[in-house]
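# Structural characterization, general
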Amino acid sequence: MGNAARKPIIVGNWKLQKTIAQALELVTELKNALTQVRDVEVGVAPVFTAIASVAKRLEGTPIAVAGQDCYWEDAGAFTGEVSAPMLKDAGASHVIIGHSERRHLFGELDAAVNLKLKAALRTGLVPIVCVGETEKERDAGETMGRVGAQLDGALAGIEADAAGKIVIAYEPVWAIGTGRTATNAQAQEVHAFIRGRLRERVGAVAETMRIQYGGSVKPDNVAGLMAEPDIDGALVGGASLTADSFIKIVRFKRT
Ligand code: 13P
């Protein structure tokens with residue numbers, strides 16, 4: 001990790017998995033194993049219906065609870081949506097925004113990501129903003145263009161003082177759920193590009209912003225990724241669903 005000012009952040013994105021009972025079983029194991037973890041910020045992102053129960057079970061522990069999405073209005077006639085203040089009310093402190101599954105399966109555009117990011121910031125939730133190219137875009141040499149455009153779209157109108165709270169997650173779409181992790185060098189290259197773009201947009205505060213890598217992170221590849229200078233954490237899907245593998249990831253051996 002490049003910078004001691006950036007506390008590593010590792011979050012399990014459970015996606016559409018786990019009933020309340022299953023979620024509680026998992027976080028009870030995490031809670032028992034990770035109470036002493038202070039040098040890594042740890043979080044879990046359950047489905048909306050499990051957030052309140054999970055947050056209650058994790059009260060007084062260092063493990064944070066994240067939403068997987070939020071709407072940009074606080075309240076009103078928006079059937080089916082969940083707002084940032086409602087997430088906070090349920091006990092969440094973080095929220096994932098613009099995950100590639102939201103973008104690709106549900107047609108979420110950069111403008112919506114920007115509004116959701118602003119809603120998270122005004123509510124005091126830590127936003128985790130996801131960016132990443134598809135395989136086709138990578139093969140066409142469009143990785144930096146795509147990621148840069150997603151960052152510009154997400155961060156439009158965000159001032160430097162607010163930007164410091166934002167976590168960026170670089171998740172190459174071709175590495176999500178495929179078992180195909182980006183190599184350490186491939187990930188670092190994009191992370192360095194992201195930090196450069198952040199520097200252009202918000203100046204020196206970019207050095208304090210955490211950039212997570214996501215896409216087939218496992219116990220056996222996390223340490224190598226985390227050793228890269230601009231990789232400050234992980235957003236973990238499949239391997240966050242069992243206590244054993246998520247605990248191993250959180251306790252990655254620093255190199
Ligand atoms: P996997 O770890 O299952 O590849 O998922 C990554 C992801 O999408 C996390 O948000």
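As a reminder, the structure under discussion sits directly above these lines.
Notes on the structure follow. (Residues numbered from 1 in each chain as written. Predicted model: local features only at pLDDT ≥ 70, side-chain atom pairs only at ≥ 80, totals over all residues. Heavy atoms only, no water.)

For the coordinates displayed, the defined rule picks out 19 salt bridges. Between Asp69 and Arg102 there is a salt bridge, and its shortest N-O distance comes to 3.5 Å. Taken together, the positions of Asp69 in the loop between β3 (63-67) and α3 (84-90) and Arg102 in helix α4 (residues 100-105) put the pair 33 residues apart, joining distant regions of the chain. Using a relative accessible area of 26% as the deciding quantity, one classes Arg102 as partly exposed. Residue Lys116 pairs with Asp69 through a salt bridge whose shortest N-O separation is 2.9 Å. Of the two residues, Lys116 sits in helix α5 (residues 110-123) while Asp69 sits in the loop between β3 and α3, which places them 47 residues apart along the sequence. (Salt bridge = Lys/Arg side-chain N within 4 Å of Asp/Glu carboxyl O. Helix = DSSP H or I, 4+ residues; strand = E, 2+ residues; numbered from the N terminus. Buried < 20%, exposed > 50% of the residue type's maximum accessible area, 1.4 Å probe, protein only.)

Attention now moves to the sheet that holds strand β8 (residues 233-236). Taken in spatial order, the eight strands close into a barrel running β1-β2-β3-β4-β5-β6-β7-β8, and their pairing is parallel. Each neighbouring strand pair of the sheet contributes to a mean axis angle of 25°, computed without reference to strand direction. Where strand β2 (residues 41-45) lies against β3, three bridges are found, and the strand directions are parallel. Bridge pairing links Gly43 to Ala64 in β3. Helix α9 (residues 184-202) rests against β5 (126-131), β6 (167-170) and β7 (211-214) of the sheet, and its axis sits at about 150° to β7. (Pairing = 2+ DSSP bridges. Axes fitted to C-alpha atoms, helices over the stretch in contact; angles between N-to-C directions. Contact = heavy atoms within 4.5 Å.)

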